[in-house]
Amino acid sequence: MKLIIVSNRLPISIKRTEDDFVYTRNSGGLVTGLVCVAKSIPFTWIGNIPGNFTKDEQEKIKKNLSENHSSIPLFVPDALNKRSYDGYCNKILWPLFHFFTDIVIYDNYEYYKEYNEMFCRTVLENAGDNDIVWVHDYHLMLLPALLKRQKPSLRVGFFLHIPFPSMETFKLLPEHREILLSILGSDLIAFHTLVYSYNFKQCCDAVLRDLSEEEKRQLVFKAPAANSAGCTECSSSELDRGLKVLTVVCRKCVDKMNLSEAVKECQGNQMDYREECGAKTNRDCQECAYAGAQHGSESRAQRKENRDGRKQLKADEMDRARLTKHSITTIYDALRNSTTCDTYLQRERTKENQIKDVLALSTGANNTCIECIRLNENMPKISNLRCNECKNTEGIAQETDSELESVNEEKVHTEETFANYIEQEIHVCKCTGSQTYRNDGVALHGRDDANRGVPLRIECEFGRIKIDNREIAVKRIPIGIDPNHFKNCLEKKETAGFIKKYKDLFQGKFVLLGVDRVDYIKGIPNRFSGYELFLKRNPEKKTVFVQVGVPSRTTIKEYNYLEDTIIGKVGRINSKYGGVTDNLVYYLNNSIKFEELCALYSIADMCLVSSVRDGMNLVALEFVACSQNNGILGLSEFAGTASTLPGSVFLNPWDTETIAKAIEVGIGMGPDERKRRYKVNLKNVENFTAEKWAETNINYLLNHKK
């Protein structure tokens, strides 16, 4: 048994040099906890590595990460990453789960699904039957169910690092039911606080009491039939057994995107794919699916006769037919990486029964189709696939298989006659093109139709959810930090230099500190408004405010607007209450060295955390770990750490008055009270560490009863 960690990105930064790459491991609670756990249980980390790398560079990076960092990278195409990570995760899920519902624009869910499916394929390639897969955060909420449909024996954990919203907010998400049911594919679902886990239970209560028959089937995970590949989207055990996935691209958009070289229409046997398979000009492409049945050493006349007579192929002509697929990675990548418009509709998944077509099916012993013999005559029937850009149904159809790999090129011996290859209307799996139901009503998804309509036994309790005989643990397991990592840093010579520098600079002043990513959930403008009110009421108090604002998600307009707002407030405070040589606010709009950060933590008299909504906020824990003067923590009631650090001075970030009041309480606090509060917080920081958090999650999964 091994442990597989899955997160949106690997905790490794890769920097390109002239002739090689430099690999640097990032820090963070998740990384810290797992490094400690690795001593007792080995783990592999799977995640995305952003950047533009050639195929050779990708192979080199894969080898290095595997050998030296126990990691497996995914190289997600830029366009898919942009639409899933920026488009859906950060423009929809992030604001919605933090209750900023007014800035949400609902779009790009199909790319979010594709992103999760890409992760699923990589995990399944590396996971054994009884391995533990620990999935992290809102980027991968569909992954637990995708994994369970393929390997029900996996032990899957899911940890959400951000708040889980109330039902009233969660149901604003059009896909909230599918996302919730996907999370329930986990064996352990964990959150930072009891409030988040309670919100999740409320959502489960509302959704699970009113399930459709299809939704009930999504909650039952059975192993795929023996010797069959499974579909990561719908659990089909008939994954791409000769059926096609069609990519439909509008001619207008092909021209607009300059893809005419990548997209070619079928010209019978005269297709020239020199770059793809090395076929010579005017020669039959032996790899192209449109070449149909190829015979050993045919003359040109024989090949022409076979091409013209495809529709009339007879049993004796099918003997020893060489059936291959042509991989069209070029068109697939070109369309996926297009940023011009949403043209490609490969594997349209957003609507039920969207792909219905007449295809050639095989009922032969080898379950092999006659490639695309009837594709051309069927093309006009693809009427419900439309270009997202112009809604044009006149498309160019190209064939691809779900894994973009060529099938075995060896000759296929078909023992059955052509009569065994029947043509019938079918429903096609919306993600792989595999058949879901035959005309006679027989299901091909490996599901027991006899169980249709039978209600599931569902028990939804606080702390657990039981679906038939499968029990899902729902826990509150707050993440922590490694306090020793910060304490050790304080002993460094470089850190001591920073400490002396800032003590001399701010001598005789009460030092307020803020450390955040520049994000609207952090309440930085609210914090400055509270400080401004404090200065107005207490002009005689000698204070200084140091704010570290690390740039974040600069491609999203809301973040750029926030940056302008912060700079405006800093300028107004300094110009109104400061002097020529006496700034009241020092705003650092960049990352700083770890040693400098620890120095600021250690000399600050009070750290203000004014998050309007925050999953946890590790800055609060880090400040307590580093403080050398019994530092006071002014903490938002809406940060996850509020339940972990009861010695804080609590504030309402939406109320400027309470922020100003918290600063006044901090300045006026006596040394004994200050020491008492600090000891309470320090004890919890030292008890609830990142290592304990990781061990608790993994132990639940190790002891989980299937």
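Residues numbered from 1 in each chain as written. Predicted model: local features only at pLDDT ≥ 70, side-chain atom pairs only at ≥ 80, totals over all residues. Heavy atoms only, no water.

The name given to the protein in an unreviewed UniProt entry is Alpha,alpha-trehalose-phosphate synthase (UDP-forming), with the source organism recorded as Vavraia culicis.

## What to know about the overall build of the protein
Stated formally: A run of H or I in DSSP becomes a helix once it reaches four residues, and a run of E becomes a strand once it reaches two; helices and strands are each numbered from the N terminus. Here the term buried applies to any residue with accessible area under 20% of the maximum for its type, exposed to any over 50%, and partly exposed to those in between, with areas from a 1.4 Å probe on protein chains only. Whether two residues are in contact is decided by their heavy atoms: any pair within 4.5 Å suffices. Working definition of accessibility: Shrake-Rupley area with a 1.4 Å probe, residue cover restricted to the visible protein chains.
Broken down by element type, the protein carries 23 helices and 22 strands. Taken over 706 residues, the protein has a buried fraction of 56%. The contacts in the protein between residues at least 6 apart in sequence include a share of 77% that link residues at least 24 apart. When the accessible surface of the protein is split by element, carbon and sulfur atoms take 47% of a total near 31100 Å².

## Let's talk about the sheet that holds strand E22 (residues 649-651)
We count it as follows: Two strands are counted as paired when DSSP detects at least two bridges linking them. The angle between two axes is taken between their N-to-C directions and runs from 0 to 180 degrees, where each axis is a line fitted to C-alpha atoms and a helix contributes only its stretch in contact.
Across the sheet, six strands lie side by side as E19-E18-E17-E20-E21-E22; this open sheet has parallel pairing. Strands with a single pairing partner mark the edges of an open sheet, and in this sheet they are strand E19 (585-588) and E22. Each strand of the sheet is rotated relative to its neighbour by a mean of 20°, with strand direction disregarded. As defined by bridge partners, strand E21 (residues 632-636) adjoins E22 across three bridges and the pair is classed as parallel. Considered in E22, the bridge of Gly-634 is made with Val-649.

## Points about the pairing of strand E6 (residues 132-136)
Burial analysis of E6 places five of its five residues in the buried class, which makes it a mostly covered element. Of the two faces of E6, the one holding Ile-132, Trp-134 and His-136 and the one holding Val-133 and Val-135 are both buried throughout.

## Examining the sheet that holds strand E7 (residues 155-159)
The pairing of strands in a sheet comes from backbone hydrogen bonds and takes either a parallel or an antiparallel form. Taken in spatial order, the nine strands of this open sheet run E5-E4-E1-E6-E7-E8-E16-E15-E14, and their pairing is mixed. Every other strand in the sheet has two partners, leaving strand E5 (71-74) and strand E14 (458-461) as the edge strands with one partner each. Between one strand axis and the next, the sheet turns by 15° as a mean value, whatever way the strands run. Alignment of E14 against strand E15 (residues 464-467), held across four bridges, turns out to be antiparallel. Across the sheet, Glu-461 pairs through a bridge with Arg-464, a residue of E15.

## Section: a nonpolar patch on the surface
Basically, it comes down to this: The patch calculation keeps residues exceeding 30% relative accessible area without a salt bridge and links them within 9 Å when they carry like charges or within 5 Å when they are nonpolar (Val, Leu, Ile, Met, Phe, Trp, Tyr). Each salt bridge in this description consists of a side-chain nitrogen of Lys or Arg and a carboxyl oxygen of Asp or Glu lying within 4 Å of one another.
Together, Leu-194, Tyr-198 and Phe-462 make up a nonpolar patch on the protein surface, roughly 330 Å² of accessible area in all. With respect to the helices and strands, Phe-462 occurs in the loop between E14 and E15.

## Notes on unusual backbone geometry
Here the phi dihedral of Asp-137 falls at roughly 80°; this positive angle occurs in a residue that is not glycine. Within the fold, Asp-137 resides in the loop between E6 and helix H5 (143-150). Judged by its relative accessible area of 12%, Asp-137 falls in the buried class. Its identity as a non-glycine residue notwithstanding, Asn-630 has a phi of 55°, on the positive side. Mapped onto the elements of the fold, Asn-630 is located in the loop between helix H20 (618-626) and E21. Using a relative accessible area of 26% as the deciding quantity, one classes Asn-630 as partly exposed.

## Some points on the nonpolar core
Rule in force here: Side-chain atoms within 4.5 Å link the members of a nonpolar core, which is a set of buried Ala, Val, Leu, Ile, Met, Phe, Trp, Tyr and Cys residues. What marks off one domain from the next here is an automatic or database domain assignment.
Phe-164, Ile-179, Leu-184, Phe-200 and Tyr-531 are the most contacted members of the largest nonpolar core, which totals 94 residues. Looking at which element gives the most residues to this core, the answer is helix H4 (residues 109-126), with nine residues. For this core, the two domains that each supply at least three residues are domain 1 (3-218) and domain 2 (483-687). Every residue in contact with Ile-179, bar those within four places of it in the chain, is listed here: Tyr-88, Leu-93, Tyr-109, Met-141, Leu-142, Phe-170 and Leu-173.

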